[in-house]
Amino acid sequence: MYLTDRQKQIIDMTRKKSPMTSEQIAARLQLSVPTIRGDLRLLTATEILKSRPKVGYEFSQLPKSSLDFDELFGESIAHILIQPIFVQPNTTLPECVNKLFINDVGSLYVTDNDSKLLGLISRKDLLAVTVNNADADSMIASMVMTRMPNLITVDADMSIISVGKLLYQHQVDSLPVTKKDDPTQVVGKITKNRIFQYFIEVGLKYTD
(Lines give C-alpha, C1' and ligand atoms only; values in the text may rest on other atoms or scores of the structure.)
Protein backbone atom coordinates (compact mmCIF):
# COMPACT_ATOMS: atom_id res chain seq x y z
CA MET A 1 0.00 0.00 0.00
CA TYR A 2 1.42 3.38 -1.04
CA LEU A 3 1.08 6.30 1.36
CA THR A 4 1.87 9.90 0.50
CA ASP A 5 4.14 12.03 2.67
CA ARG A 6 1.11 13.97 3.91
CA GLN A 7 -0.71 10.77 4.89
CA LYS A 8 2.38 9.62 6.76
CA GLN A 9 2.45 12.94 8.60
CA ILE A 10 -1.19 12.50 9.61
CA ILE A 11 -0.47 8.97 10.85
CA ASP A 12 2.52 10.20 12.85
CA MET A 13 0.44 12.99 14.41
CA THR A 14 -2.36 10.71 15.51
CA ARG A 15 0.05 8.11 16.82
CA LYS A 16 1.50 10.74 19.15
CA LYS A 17 -1.80 12.35 20.08
CA SER A 18 -5.33 10.96 19.69
CA PRO A 19 -8.04 11.86 19.17
CA MET A 20 -7.53 14.81 16.83
CA THR A 21 -10.23 16.63 14.91
CA SER A 22 -9.89 17.28 11.20
CA GLU A 23 -9.52 20.98 12.03
CA GLN A 24 -6.61 20.26 14.40
CA ILE A 25 -4.90 18.03 11.85
CA ALA A 26 -5.36 20.60 9.09
CA ALA A 27 -4.02 23.36 11.32
CA ARG A 28 -0.90 21.34 12.18
CA LEU A 29 -0.30 20.77 8.47
CA GLN A 30 -1.08 24.43 7.68
CA LEU A 31 -3.73 23.29 5.20
CA SER A 32 -7.49 23.56 4.90
CA VAL A 33 -9.84 20.77 6.00
CA PRO A 34 -11.14 20.18 2.42
CA THR A 35 -7.53 19.67 1.26
CA ILE A 36 -6.95 16.76 3.65
CA ARG A 37 -10.44 15.28 3.47
CA GLY A 38 -9.38 12.72 0.85
CA ASP A 39 -6.40 11.68 2.98
CA LEU A 40 -8.61 11.17 6.04
CA ARG A 41 -11.14 9.22 4.00
CA LEU A 42 -8.40 6.86 2.72
CA LEU A 43 -6.83 6.38 6.15
CA THR A 44 -10.16 5.55 7.75
CA ALA A 45 -11.19 3.25 4.86
CA THR A 46 -7.98 1.26 5.35
CA GLU A 47 -8.57 1.25 9.13
CA ILE A 48 -5.32 3.01 9.84
CA LEU A 49 -7.40 5.67 11.56
CA LYS A 50 -10.71 5.35 13.36
CA SER A 51 -13.23 8.16 13.08
CA ARG A 52 -15.34 8.92 16.13
CA PRO A 53 -18.25 11.34 15.55
CA LYS A 54 -17.88 14.61 17.47
CA VAL A 55 -14.59 13.34 18.90
CA GLY A 56 -12.10 13.11 16.04
CA TYR A 57 -9.65 10.73 14.48
CA GLU A 58 -7.68 8.11 16.41
CA PHE A 59 -4.74 6.08 15.26
CA SER A 60 -5.63 2.38 15.02
CA GLN A 61 -2.74 0.48 13.47
CA LEU A 62 -0.85 0.10 10.25
CA PRO A 63 -2.04 -2.80 8.13
CA LYS A 64 0.44 -5.66 8.07
CA SER A 65 0.58 -5.34 4.30
CA SER A 66 1.57 -1.67 4.46
CA LEU A 67 5.05 -1.73 2.99
CA ASP A 68 6.68 1.52 2.00
CA PHE A 69 8.33 1.56 -1.45
CA ASP A 70 11.17 3.80 -0.28
CA GLU A 71 11.90 1.50 2.64
CA LEU A 72 12.14 -1.52 0.36
CA PHE A 73 13.79 -0.11 -2.75
CA GLY A 74 14.84 3.48 -2.15
CA GLU A 75 17.31 2.88 0.69
CA SER A 76 21.00 3.03 -0.16
CA ILE A 77 22.96 -0.21 -0.17
CA ALA A 78 25.36 1.20 2.45
CA HIS A 79 23.73 -0.68 5.35
CA ILE A 80 23.55 -4.08 3.62
CA LEU A 81 27.09 -4.43 2.25
CA ILE A 82 29.04 -7.60 2.87
CA GLN A 83 32.78 -8.11 3.16
CA PRO A 84 34.47 -9.41 -0.01
CA ILE A 85 37.24 -11.99 -0.09
CA PHE A 86 40.49 -10.80 -1.65
CA VAL A 87 43.32 -12.59 -3.44
CA GLN A 88 46.56 -11.42 -5.00
CA PRO A 89 47.26 -11.55 -8.76
CA ASN A 90 49.77 -14.37 -8.23
CA THR A 91 47.42 -16.53 -6.12
CA THR A 92 47.22 -19.97 -7.73
CA LEU A 93 43.90 -21.29 -9.01
CA PRO A 94 43.82 -24.17 -6.48
CA GLU A 95 44.20 -21.55 -3.72
CA CYS A 96 41.41 -19.49 -5.31
CA VAL A 97 39.13 -22.52 -5.39
CA ASN A 98 39.85 -23.22 -1.72
CA LYS A 99 39.11 -19.63 -0.72
CA LEU A 100 35.89 -19.64 -2.73
CA PHE A 101 34.49 -22.75 -1.09
CA ILE A 102 35.88 -22.25 2.43
CA ASN A 103 34.28 -18.82 2.57
CA ASP A 104 31.17 -19.94 0.65
CA VAL A 105 31.25 -16.98 -1.75
CA GLY A 106 30.55 -16.63 -5.45
CA SER A 107 33.44 -14.36 -6.35
CA LEU A 108 36.93 -13.24 -5.36
CA TYR A 109 38.37 -9.75 -5.77
CA VAL A 110 41.91 -9.50 -7.08
CA THR A 111 43.84 -6.58 -5.58
CA ASP A 112 47.46 -5.42 -5.58
CA ASN A 113 49.62 -4.58 -2.57
CA ASP A 114 48.00 -1.15 -2.31
CA SER A 115 44.51 -2.72 -2.13
CA LYS A 116 43.75 -1.43 -5.62
CA LEU A 117 41.11 -3.48 -7.42
CA LEU A 118 42.60 -5.19 -10.46
CA GLY A 119 39.91 -7.69 -11.35
CA LEU A 120 37.36 -10.25 -10.28
CA ILE A 121 37.14 -14.03 -10.45
CA SER A 122 33.70 -15.61 -10.31
CA ARG A 123 32.77 -19.17 -9.41
CA LYS A 124 31.78 -19.65 -13.06
CA ASP A 125 35.20 -18.42 -14.22
CA LEU A 126 37.01 -20.92 -12.01
CA LEU A 127 34.73 -23.76 -13.04
CA ALA A 128 35.22 -23.02 -16.74
CA VAL A 129 39.02 -22.90 -16.41
CA THR A 130 39.63 -25.82 -14.05
CA VAL A 131 37.32 -28.51 -15.46
CA ASN A 132 39.25 -30.91 -17.71
CA ASN A 133 42.29 -28.61 -17.72
CA ALA A 134 45.53 -30.34 -16.78
CA ASP A 135 47.33 -27.00 -16.60
CA ALA A 136 44.91 -25.37 -14.17
CA ASP A 137 47.09 -26.05 -11.12
CA SER A 138 49.89 -23.94 -12.59
CA MET A 139 47.67 -20.99 -13.47
CA ILE A 140 47.28 -17.85 -11.32
CA ALA A 141 44.47 -15.41 -10.63
CA SER A 142 45.66 -12.71 -13.02
CA MET A 143 45.38 -15.17 -15.93
CA VAL A 144 41.64 -15.79 -15.53
CA MET A 145 40.23 -12.70 -13.85
CA THR A 146 37.93 -10.18 -15.50
CA ARG A 147 40.06 -7.08 -15.52
CA MET A 148 39.40 -3.47 -14.68
CA PRO A 149 38.00 -1.35 -16.29
CA ASN A 150 35.70 -4.07 -17.68
CA LEU A 151 34.08 -4.56 -14.26
CA ILE A 152 30.79 -2.94 -13.32
CA THR A 153 31.22 -1.21 -9.98
CA VAL A 154 28.75 0.66 -7.75
CA ASP A 155 29.07 3.02 -4.80
CA ALA A 156 27.48 2.72 -1.36
CA ASP A 157 25.14 5.71 -1.89
CA MET A 158 23.30 4.04 -4.75
CA SER A 159 19.77 2.80 -4.10
CA ILE A 160 18.83 -0.86 -3.81
CA ILE A 161 16.59 -0.60 -6.87
CA SER A 162 19.34 0.91 -9.06
CA VAL A 163 21.91 -1.68 -7.97
CA GLY A 164 19.39 -4.48 -8.40
CA LYS A 165 18.75 -3.25 -11.93
CA LEU A 166 22.47 -3.47 -12.73
CA LEU A 167 22.71 -7.00 -11.32
CA TYR A 168 19.74 -8.00 -13.47
CA GLN A 169 20.90 -6.23 -16.64
CA HIS A 170 24.41 -7.66 -16.55
CA GLN A 171 23.34 -11.11 -15.34
CA VAL A 172 25.91 -11.20 -12.54
CA ASP A 173 25.59 -12.45 -8.97
CA SER A 174 27.56 -9.67 -7.29
CA LEU A 175 29.11 -6.24 -7.82
CA PRO A 176 32.11 -4.58 -6.18
CA VAL A 177 31.19 -1.55 -4.08
CA THR A 178 33.87 1.09 -4.38
CA LYS A 179 34.56 4.66 -3.32
CA LYS A 180 32.55 7.11 -5.40
CA ASP A 181 35.66 9.07 -6.37
CA ASP A 182 37.89 6.02 -6.90
CA PRO A 183 36.43 2.85 -8.46
CA THR A 184 39.62 0.93 -7.68
CA GLN A 185 39.19 1.22 -3.88
CA VAL A 186 36.80 -1.46 -2.63
CA VAL A 187 34.60 -0.73 0.41
CA GLY A 188 32.36 -3.79 0.20
CA LYS A 189 30.34 -6.11 -1.94
CA ILE A 190 26.67 -6.42 -2.86
CA THR A 191 25.06 -9.64 -4.08
CA LYS A 192 21.68 -10.87 -5.30
CA ASN A 193 21.44 -13.06 -2.21
CA ARG A 194 22.11 -10.13 0.14
CA ILE A 195 19.37 -8.05 -1.48
CA PHE A 196 16.99 -11.01 -1.26
CA GLN A 197 17.88 -11.43 2.42
CA TYR A 198 17.17 -7.72 2.99
CA PHE A 199 13.73 -8.06 1.36
CA ILE A 200 12.91 -10.96 3.68
CA GLU A 201 14.14 -9.03 6.74
CA VAL A 202 11.92 -6.05 5.86
CA GLY A 203 8.96 -8.29 5.04
CA LEU A 204 9.20 -10.07 8.39
CA LYS A 205 8.69 -6.75 10.18
CA TYR A 206 5.20 -6.65 8.69
CA THR A 207 4.28 -10.26 9.45
CA ASP A 208 5.58 -10.71 13.00
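Keep in mind that this is a model prediction, so the values were computed, not measured.

A.B. asks: Just give me the short version of the confidence of the model for the chain, but keep the residues and values in it.
C.D. replies: In the predicted model, the chain carries a mean pLDDT of 90, and 94% of its residues have values of at least 70. The secondary-structure element of the chain with the lowest mean pLDDT is helix α4 (residues 69-74), recorded at 80, while strand β3 (residues 86-87) shows the highest, at 97.

A.B. asks: Now, about the packing of helix α2 (residues 22-29) against helix α3 (residues 33-45): what can you tell me, with residues and values included?
C.D. replies: Where α2 meets α3, the axes come as close as 9 Å, and the angle between the chain directions of the two elements is 110°. Regarding the angle of α2 to α3, the classification is roughly perpendicular. Contacts between α2 and α3 involve Ser-22, Glu-23, Ile-25, Ala-26 and Leu-29 from the first element and Val-33, Ile-36 and Leu-40 from the second. A per-class count over the contact of α2 with α3 returns six nonpolar, one polar and one charged.

A.B. asks: Provide a residue-level description of the pairing of strand β1 (residues 49-52), including the pertinent values.
C.D. replies: The pairing of β1 with strand β2 (residues 56-59) spans four bridges and is antiparallel. If you follow Ser-51 over to β2, its bridge partner there is Tyr-57. Turn length for the β1-β2 hairpin, with the two strands adjacent in sequence and antiparallel, is three residues, and the turn residue Lys-54 shows positive phi of about 65°.

A.B. asks: Outline the packing of helix α5 (residues 93-102) against helix α6 (residues 123-130), supporting the account with residue identities and numerical values.
C.D. replies: Contact geometry for α5 and α6: axes closest at 11 Å, N-to-C directions at 140°. Taken as axis vectors, α5 and α6 run oblique relative to one another. Seen along the crossing, α5 lies across α6 with a hand that is left-handed. For the pair α5 and α6, the contacting residues are Leu-93, Cys-96, Val-97, Leu-100 and Phe-101 in the first and Arg-123, Leu-126, Val-129 and Thr-130 in the second. A class-by-class count of the residues in the contact of α5 with α6 yields seven nonpolar, one polar and one charged.

A.B. asks: Lay out the pattern of salt bridges with the relevant residues and their values.
C.D. replies: The full count for this structure, using the stated rule, is six salt bridges. When the shortest N-O distance is used, the salt bridge between Lys-16 and Asp-12 registers 3.2 Å. Residue Lys-16 and its partner Asp-12 are both found in helix α1 (residues 5-16); the two are separated by four residues, about one turn of the helix. Between Arg-194 and Glu-201 there is a salt bridge, and its shortest N-O distance comes to 3.9 Å.

What counts, and at which threshold
- Residues numbered from 1 in each chain as written.
- Predicted model: local features only at pLDDT ≥ 70, side-chain atom pairs only at ≥ 80, totals over all residues.
- Heavy atoms only, no water.
- pLDDT = per-residue confidence, 0-100.
- Helix = DSSP H or I, 4+ residues; strand = E, 2+ residues; numbered from the N terminus.
- Axes fitted to C-alpha atoms, helices over the stretch in contact; angles between N-to-C directions.
- Parallel < 35°, antiparallel > 145°, perpendicular 65-115°, else oblique.
- Contact = heavy atoms within 4.5 Å.
- Nonpolar A, V, L, I, M, F, W, Y, C, P; charged D, E, K, R; others polar.
- Pairing = 2+ DSSP bridges.
- Left-handed = near helix turned anticlockwise from the far one by under 90°.
- Salt bridge = Lys/Arg side-chain N within 4 Å of Asp/Glu carboxyl O.

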